[in-house]
Amino acid sequence: MAKKKKKKKKNPIVRFLGSVHAFFKDDRFRYAMGIVFLLLAVFLILSLISYLINWKTDQDFEWEKVFSSPEIQVENSGGKLGAWLSNLLINKWFGLSSFLFPVILVIWTMSLYKIRLVKAAKAVRNSLILIILLSLTLGLIFEDAGGALGSGPGGQHGYFISRWLVASIGTLGTISLLVISYTAMLLFSTSFLDWIRERENPFLSSDEQKEDAEQIAEPEELIPGDETIHVEKEIEEEAFVVKGETTEDSSPLTEEDSPGKEDVEMTIEDGDPEDINLDEGALGEYDPTLDLPKFRYPPLSLMKEYDHGESTVSNEELISNKNRIVETLGNYNIKIDKIKATIGPTVTLYEIVPAPGIRISRIKSLEDDIALSLSALGIRIIAPIPGKGTIGIEVPNQNPRTVSMKSILASKKFQDADMELAIALGKTISNETFVFDLTKMPHLLVAGATGQGKSVGLNAIIASLLFKKHPAQLKFVMIDPKKVELSLYTKIERHYLAKLPESEEAIITDTQQVIHTLNSLCGEMDDRYNLLKNAQVRNIREYNTKFINRKLNPNKGHHYLPFIVVIIDEFADLIMTAGREIETPISRLAQLARAIGIHLIIATQRPTTNIITGVIKANFPARIAFRVTSGIDSRTILDGPGADQLIGRGDMLFLSGSEPIRLQCAFVDGPEIEDVTDFIGQQKGYPTAMMLTPVEEEVGTGPEVDLDKRDDKFEEAARLVVQHQQGSTSLIQRKLSLGYNRAGRIVDQLELAGILGPFEGSKARKVLVMDEFSLEQILSNLS
């Protein structure tokens, strides 16, 4: 019989208030209220229209008795309630301007359903002001129409207030007051002020000023803290202990302070005096986020809740699995002293303590037998568990629980993470939120078969950074050969993305553009190292600290350096089409770019040795493995088995040390990412994306190119480029099965022979020979 450990109960008042708060914050309540407001708007508009038609008939009785007297009948389409409400609004209050009240209800409905056609707060404010002004205007115009429609088209409010104004300041004064009021409302509701601001500051574009003027600071929606759930189940027979799960309290997502606020001393004697800012301390610390001072981080309300922190593993399932494990091991004369189970969202970890004298290798060899007895896929044995002295058996749960990205981002561990680039991936087997710092990795390799969660994992990584970092502190370079995986992020181009000046698309999809972009990142890396050298610091953190404290002179080229995260999806496709032209700059960035804030995240669904080469693996110590189809692929990613034994759907292994950690990746759906990018994209951004500096490829000249020592493949390559009218190293490399260096030397020889034009930056070389007849004449002259 299972005993439940008593836990301390929360104050019932606090628990009640928490449940009430959670009820009002629930999306279902929001949707229901939207329907209510819409129905009220329809009811009100029908009642008001009906009142204009039947007002004489419906006013033949006393309104105080309309509800209490059953014999009183009304002709209003809204019944007695509609007639009473219409009389109140049109006759007693604001007259015909009351028709704007249904408009306000529709605006509220649109706001609840996040239909952002108008700014809800501004539209409601303007509608209320317009109701009052129209009522006064109608009351003034139809001053003598008190008999029609009760008190006239302006209602009693407009009739009596307008008469009071006329008696106080005269008709001309009343008209002047109304004109001033309408003008003021027009100025604050349209873009006329933007035109004035443009004259005052011509350096801002009209689009930016419009976004800036319309941006309204709305309080970020807070997520109520989930009640901590602590479940412990103990089974007394055979000392079987189950350790329950604990979910972390959720709290509002807080904005991270700018990195590197601590002081770093700098001695003038050791540095170049011209690099020192003489105004240090006079202006205070520099804040890079002031470029976009009104930028708001996405609220957690944009994300959906999929999990509710409840255990999905029953006590019967735990006992059944425990008995089968003990029985299977007993069949091979392996006795167990104790078993402890830790319930996770996807798998349950059974930690066993074997009897003295039992060899670990014997238990490890029974992996398939245990999987057969449990009738489950994804059984993994960890022998031994590092730091515990036990053997772990991971068994998938019959009813796995989805881990939502919202719960991960709202977790206290992510919010309080003191990291430069904090990334929350999901939850561990013990239900702890897993957060790591990308700057400590410093690069990440993601691999997994199709449909196993790789794309969701990339979205979770990007979402973590978007919820933590300001656009001034972080830039993305996104490379997507498939053209569809990262397309949602084009909306944040002017906030978070970086690209080449000649690139039309913010998400890079063309292979040649990928090569030029990676080479330009290498140039950016070299430029940053020069800045670090001149500033006499070792890494980007120390450099930005000095710049924030105004210890570096901007007139000498110093500027704040944002982190650059390069995300490459489907790396295998790039390697197959460009080969060494892709691998060489990536290897160089992976080796050197850590200190200057450039970090790579590479993903592939074909983790084979010809794609993930030794050079790549050597420079990517941190790796994420989703489910793969074979043990060979698992060893390619993790240098060991395990990835082939995962169960899919976000089940993953994270390797950054000696032993991989099993995680359940947080689920974030496409519409959630779209809502986040829409929220960011609608705010004021920079005029353009961050522009990378193009770098020209080095071309061999002088004594290195000798036409008397032409390559054996020279003539074949010459015919190839003339036939395709395309002069690129990658073409020769692919078609002739040559290495990158040899193909590059052939291109240099073709240029010297007059067959190819010179290097033109990001553009392909021109083929100077138009037909094979002209080519044969050139080749004969060289012979």
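How each quantity is defined
- Residues numbered from 1 in each chain as written.
- Predicted model: local features only at pLDDT ≥ 70, side-chain atom pairs only at ≥ 80, totals over all residues.
- Heavy atoms only, no water.
- Helix = DSSP H or I, 4+ residues; strand = E, 2+ residues; numbered from the N terminus.
- Expected span 1.5 Å × (residues − 1).
- Patch = residues over 30% accessible without salt bridge, like charges linked within 9 Å, V, L, I, M, F, W, Y side chains within 5 Å.
- Areas by Shrake-Rupley, 256 points an atom, 1.4 Å probe, with all protein chains shown as cover.
- Salt bridge = Lys/Arg side-chain N within 4 Å of Asp/Glu carboxyl O.
- Buried < 20%, exposed > 50% of the residue type's maximum accessible area, 1.4 Å probe, protein only.
- Axes fitted to C-alpha atoms, helices over the stretch in contact; angles between N-to-C directions.
- Left-handed = near helix turned anticlockwise from the far one by under 90°.
- Nonpolar A, V, L, I, M, F, W, Y, C, P; charged D, E, K, R; others polar.
- Pairing = 2+ DSSP bridges.

**Student:** Would you take a moment to explain helix α25 (residues 740-752) for this structure?
**Tutor:** Along an α-helix, a turn takes 3.6 residues, which lines up residues three or four apart on a common side. Here α25 spans 19 Å end to end across 13 residues, near enough to the 18 Å set by a 1.5 Å rise per residue. Immediately beyond the C-terminal end of α25, within one or two residues, lies Gly 754, with a positive phi of roughly 85 degrees.

**Student:** Looking at this model, I keep getting lost on a nonpolar patch on the surface. Mind explaining?
**Tutor:** Residues Tyr 31, Ile 35, Leu 39, Tyr 113, Ile 115, Leu 117 and Val 118 make up a contiguous nonpolar surface patch of about 690 Å² in total accessible area. Within the secondary structure layout, Leu 39 lies in helix α2 (residues 27-58). Given a relative accessible area of 57%, Leu 39 falls into the exposed group.

**Student:** Just checking my understanding: could you explain the pattern of salt bridges for this structure?
**Tutor:** This structure, assessed with the given rule, holds 21 salt bridges. Across the pair Arg 662 and Asp 651 runs a salt bridge, and its minimum N-O distance is 2.6 Å. Remark: Asp 651 occurs in strand β16 (residues 651-655) and Arg 662 occurs in strand β17 (residues 661-665); sequence separation between them is 11 residues. For the pair formed by Arg 662 and Asp 651, the shared burial category is buried. Between Glu 751 and Arg 765 there is a salt bridge, with its nearest N and O atoms 3.0 Å apart.

**Student:** I would appreciate a short explanation of the packing of helix α5 (residues 120-141) against helix α6 (residues 155-189) in the present structure.
**Tutor:** Between two packed helices, what matters for the description is the angle formed by their axes and the separation of those axes. One way to put it is that α5 packs onto α6 with a least axis distance of 9 Å and a crossing angle of 145 degrees. The interaxial crossing formed by α5 with α6 has left-handed handedness. Here the residues of the contact of α5 with α6 sort into 15 nonpolar, 10 polar and two charged.

**Student:** Is there a simple way to think about the pairing of β17 in this case?
**Tutor:** Residues in a regular strand project their side chains so that they alternate between the two faces of the sheet. Most of β17 sits inside the fold, with four of its five residues counted as buried. In this sheet, β17 lies alongside strand β8 (residues 422-428) in antiparallel orientation, the contact comprising three bridges. Bridged to Lys 427 within β17 is Gln 664. Bridge analysis of β16 against β17 gives four bridges, and the strand direction is antiparallel. Bridge pairing links Met 652 to Leu 663 in β17. Hairpin connection from β16 to β17: five residues lie between these consecutive antiparallel strands.

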